[in-house]
Amino acid sequence: MDPEVGMQISNTTRKGNWITFPFIFGTMACSTLAAGGLIANLIVYLIEEFNLKSIHAAQVFNKVNAGINFFPLVGAIIADSFLGSFSVVAISCCISFLGTLLITLTSVVDSLRPNPCQTGSIICQTASKLQYAVLYVALALGCIGFGISRFTLSTMGANQFEIEQDQASFFNWFFFAMYFFSVIAFTGIVYIQDNLSWGIGYGICLGATFMGLVVFLAGNKFYIHHKPKGSPFTGLAQVVVASLRKMKMPTWVQSDHDQHLLPPQLTNSFRFLNKATMETEGDKNPDGSIAKPWRLCTAQQVEDLKTLIKIFPIWSSNILVALEVALVQGSLTVLQALAMDRHLGLLKIPAGTITVLALISSSVSLTLIDRFLPLLWRNVMRKLPTPLLKLGIGHVIIALALAVAAVVETRRLGMDNDKQKMLAIWLFPQLILLGIGEAFYFPGQVAFYYQEFPASLHGTATAVSSLIVGIAFYLSTAFIDIVRANSEWLPDDIDHGRLDNVYWVLVVIGTINFGYFLCCAKLFNYKHNDEKDVPEICSGS
């Protein structure tokens, strides 16, 4: 990762390449800082300033995280189909600025939040409909703006380069910005919110959002603007529609004696979809071009859809892993931290900051994995580790982190918390393990999608990974609701509940899901299975 090599731009280069890097990197840094400051301490803000019960606050937090990870896919589709990346990033930055402005106003204008709880009272004033409306509109705008801008910005940045090595170097720096400034947000801004004021903390986020927009727009004259090419999802939908319209036609077969011989461009899997390529009268123009794309599709379109169908089982197995990460790294660990002694000497760790240890663990682990795992695996196994192997390792380590969390919580509940609370340092092992698991799991997932997705969908591979996280956060709210409806494990005061049982349920779910993943991995064939450096995860596959 040597930016100096890429920054040697010729005098004739006026647009694109590394001249755009400071603007895109600066925008990403500001966006990450603002988004991190907005959500890192959100549970505490909702409990202390809006008098929400702890579980309710955790549910709101989960939904906000779900939204931020859901909207990147929406942004990718809009950018590819209609507006282009530049317009989408500019508009989403404006939206995130409005959201950050509103959340800042709730922290400085007394009439926009309920009166604080009286000391020693168990009855607190609830927020009014107007106060809730302003809060939820602010969070919704933040989800839309920050969710769309960050991942669309990564695609736009990669589009500025033609050399593959420069693209790889750009992504290294881009994700460095995401991790590094997330750590700053989870520590510095959260500390300011807890020890100075919420207004100053969110005001910094507001300033960072505005600065990011200014920096991004300042680089406009240097960017290469790619025109929208239309969404590849339209082509996939056309295959389904065309197949249904021709469902009564005979199916292609692999037989030399049949008049409907399968063309070499098509495979025999999911043969029903092959009917989309069967030509009928009026499907083509006189010049041979397709006249009715919703009745006749190319073989490439059909095979692209088949590829996505084959990937789906692996994709579905990743959702439950993301659910486990969302619950541990997000709401549940923060609730544990709030019920523990967070002092380290004279320093008190903010509850919203403690999960930053998982980010630090991921960053360190990523470096070690990148440097040593390929070499070690090649020396031992005589082949490179595959993305599915990394995914499998991530499954196991994340499940182990959940088991450790359950053991720690059982010990915490066994203590007399009225006399002495357990030190929050006991949360460190589960967060460190979680970070290591994420370092295997998330990069392995992105690499797998990028490697196996059709070429027309490479631009949305990262967004699809983010979508999994978004779905997981929505599922986490449903999971907590189900637990609360059917047990007393998650009361508002977790000292009177059994959070450890919740963790053990997640361990069981993770174990079953890992078995499902192994079956999917064993049955999956890599697109480039003939290449010696792309082996299967399971022997005998």
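K.L.:
Explain the overall build of the chain to me, please; I cannot follow it from the model alone.
P.N.:
When its secondary structure is counted, the chain shows 15 helices and two strands. A burial count over the chain gives 51% of its 541 residues as buried. Once local pairs closer than 6 in sequence are excluded, the contacts in the chain between residues at least 24 apart make up 77%. On the chain, roughly 25300 Å² of surface is accessible, and the fraction owed to carbon and sulfur atoms is 63%.

K.L.:
What should I look at first to understand the nonpolar core in this one?
P.N.:
Soluble globular proteins tend to bury their nonpolar side chains together. If you look at the biggest cluster of nonpolar residues, it comprises 111 residues, and the most contacted ones within it are Val64, Ile103, Tyr202, Leu388, Phe448 and Tyr503. Considering each element in turn, this core owes the most residues, 18 residues, to helix H10 (residues 299–338). For Val64, the contacting residues outside a window of four places in its chain are Ile39, Leu42, Leu139 and Cys143. With 24 residues, the next largest nonpolar core counts Trp18, Cys93, Phe174 and Ala177 among its residues.

K.L.:
Quick question: what am I supposed to make of the packing of aromatic side chains here?
P.N.:
Within a pair of aromatic rings, the relevant descriptors are the distance that separates the centres and the angle that separates the planes. What the rule picks out here adds up to 15 aromatic pairs. Measuring from ring centre to ring centre gives 5.5 Å for Phe23 and Phe222, while their planes differ by 20°; the resulting arrangement is stacked. Of this pair, Phe23 sits in helix H2 (residues 21–39) while Phe222 is found in the loop between helix H8 (198–218) and helix H9 (232–245), placing the two residues 199 residues apart along the sequence. Exposure remark for Phe23: the relative accessible area of 18% places this residue in the buried category. An aromatic cluster of at least three residues, connected via ring pairs, comprises Tyr45, Phe50, Trp198 and Tyr202.

K.L.:
Sorry if this is basic, but what is going on with H2 here?
P.N.:
With 19 residues, H2 extends 27 Å between its outermost C-alpha atoms, agreeing within 8% with the 27 Å of an ideal straight helix rising 1.5 Å per residue. Across the 19 residues of H2, 17 count as buried, placing the element largely inside the fold.

K.L.:
Sorry, what's going on with the side chain of Arg342 here?
P.N.:
Turning to its location among the elements, Arg342 is positioned in the loop between H10 and strand E1 (343–344). Engagement of the side chain of Arg342 in a polar contact is seen with the backbone oxygen of Ala337, the distance being 3.1 Å.

K.L.:
For this particular structure, what's the right way to read unusual backbone geometry?
P.N.:
Where the residue is not glycine, phi is negative for most of them; where a peptide bond is considered, it is trans in most cases. We note that Asn51 has phi near 60°; this positive angle belongs to a residue other than glycine. Looking at Asn51, the relative accessible area reads 13%, which means it is buried. Even without glycine at this site, Phe270 takes up a positive phi of about 50°. With respect to the helices, strands and loops of the structure, Phe270 is situated in the loop between H9 and H10. By relative accessible area, Phe270 is classed as partly exposed at 39%.

K.L.:
Before we go on, may I ask you to explain the pattern of salt bridges in this structure?
P.N.:
Under the criterion given, the structure shown has nine salt bridges. Where Asp110 meets Arg113, a salt bridge forms, and the shortest distance between an N and an O atom there is 2.9 Å. In this structure Arg113 comes out as buried when scored by relative accessible area, which is 15%. Ionic pairing is found between Asp495 and Arg412, a salt bridge with its closest N-O pair at 2.6 Å. One end of the pair, Asp495, is in the loop between helix H14 (461–486) and helix H15 (499–523); the other, Arg412, is in helix H12 (residues 387–414), with 83 residues separating them in the sequence. Salt bridges sharing partners connect three or more residues here, namely Glu49, Asp110 and Arg113.

K.L.:
Help me out: how do you make sense of a nonpolar patch on the surface in this one?
P.N.:
Nonpolar side chains collect at one region of the surface, where Tyr191, Leu344, Leu347, Leu423, Ile425 and Trp426 lie side by side and expose about 560 Å² of accessible area between them. The residue Tyr191 is located in helix H7 (residues 164–195) in this model. When its relative accessible area of 41% is taken as the criterion, Tyr191 is described as partly exposed.

K.L.:
Can you walk me through the environment of Phe50 in this structure?
P.N.:
Inspection of the secondary structure assignment puts Phe50 in the loop between helix H3 (42–49) and helix H4 (54–83). Residues Phe50 and Leu135, spaced 85 residues apart in sequence, show a C-alpha to C-alpha distance of 9.4 Å. For Phe50, the contacting residues outside a window of four places in its chain are Tyr45, Thr106, Leu112, Arg113, Pro114, Ala127, Gln131 and Leu135.

K.L.:
Would you take a moment to explain the packing of H4 against helix H5 (residues 85–108) for this structure?
P.N.:
Two numbers describe a pair of packed helices, the interaxial angle and the distance between the axes. At their nearest, the axes of H4 and H5 sit 8 Å apart, and the two run at 130° to each other. Regarding the angle of H4 to H5, the classification is oblique. Note that H4 runs across H5; the crossing there is right-handed. Note on element contacts: H5 touches H4 through Ser85, Ser87, Val88 and Ile91, opposite Gly75, Ile78, Ala79 and Leu83. A per-class count over the contact of H4 with H5 returns five nonpolar, three polar and no charged.

K.L.:
Would you mind going over the confidence of the model for the chain with me for this structure?
P.N.:
Any residue range with low pLDDT should be treated as having predicted coordinates unsuitable for detailed reading. Here the chain averages 81 in pLDDT, and 86% of its residues register 70 or above. For the chain, helix H1 (residues 3–6) is the element with the lowest average pLDDT, namely 45, and H8 is the one with the highest, namely 93. In this model residues 254–259 is a low-confidence stretch, pLDDT under 50, and it forms six contacts with partners more than four residues away in sequence or in other chains. Predicted confidence is poor over residues 530–541, with pLDDT under 50, and the contacts of this stretch with residues over four places away or in other chains come to 30 contacts.

K.L.:
Can you help me understand H15 in this one?
P.N.:
Across its 25 residues, H15 extends 36 Å between first and last C-alpha, which sits within 8% of the 36 Å expected from 1.5 Å per residue. All of the buried residues along H15 are Leu499, Asp500, Asn501, Val502, Tyr503, Leu506, Val507, Gly510, Asn513, Phe517, Cys520 and Ala521.

K.L.:
Explanation requested: the environment of Gln329 in the structure shown.
P.N.:
Relative to the assigned elements, Gln329 resides in helix H10. For the pair Gln329 and Val356, spaced 27 residues apart in the sequence, the C-alpha separation amounts to 8.7 Å. Setting aside residues no more than four positions away along its own chain, Gln329 makes contact with Thr355, Ala358, Leu359, Leu434 and Glu438.

K.L.:
Would you mind going over the side chain of Lys306 with me for this structure?
P.N.:
Along the chain, Lys306 turns up in helix H10. Look at Lys306 and you get buried, because its relative accessible area is 1%. With near-sequence residues (within four places) excluded, Lys306 lies in contact with Thr267, Ser269, Phe270, Leu273 and Asn274.

K.L.:
What is the right way to look at the state of the cysteines in this model?
P.N.:
When the sulfur atoms of two cysteines share a covalent bond, that bond is a disulfide. Tallied over the entire structure, the rule returns zero disulfides. Here Cys520 stays unpaired: no disulfide links it, and the sulfur of Cys519, its closest cysteine neighbor, is 6.8 Å away. Note on Cys520: relative accessible area 10%, which makes it buried.

About the cut-offs
- Residues numbered from 1 in each chain as written.
- Predicted model: local features only at pLDDT ≥ 70, side-chain atom pairs only at ≥ 80, totals over all residues.
- Heavy atoms only, no water.
- Helix = DSSP H or I, 4+ residues; strand = E, 2+ residues; numbered from the N terminus.
- Buried < 20%, exposed > 50% of the residue type's maximum accessible area, 1.4 Å probe, protein only.
- Contact = heavy atoms within 4.5 Å.
- Areas by Shrake-Rupley, 256 points an atom, 1.4 Å probe, with all protein chains shown as cover.
- Core = buried A, V, L, I, M, F, W, Y, C linked by side-chain atoms within 4.5 Å.
- Phe/Tyr/Trp six-rings, centres within 6.5 Å; stacked < 30°, edge-to-face > 60°.
- Expected span 1.5 Å × (residues − 1).
- Polar contact = N/O pair within 3.5 Å; in protein donor to acceptor, adjacent residues only side chain to side chain.
- Salt bridge = Lys/Arg side-chain N within 4 Å of Asp/Glu carboxyl O.
- Patch = residues over 30% accessible without salt bridge, like charges linked within 9 Å, V, L, I, M, F, W, Y side chains within 5 Å.
- Axes fitted to C-alpha atoms, helices over the stretch in contact; angles between N-to-C directions.
- Parallel < 35°, antiparallel > 145°, perpendicular 65-115°, else oblique.
- Left-handed = near helix turned anticlockwise from the far one by under 90°.
- Nonpolar A, V, L, I, M, F, W, Y, C, P; charged D, E, K, R; others polar.
- pLDDT = per-residue confidence, 0-100.
- Disulfide = S-S within 2.5 Å.

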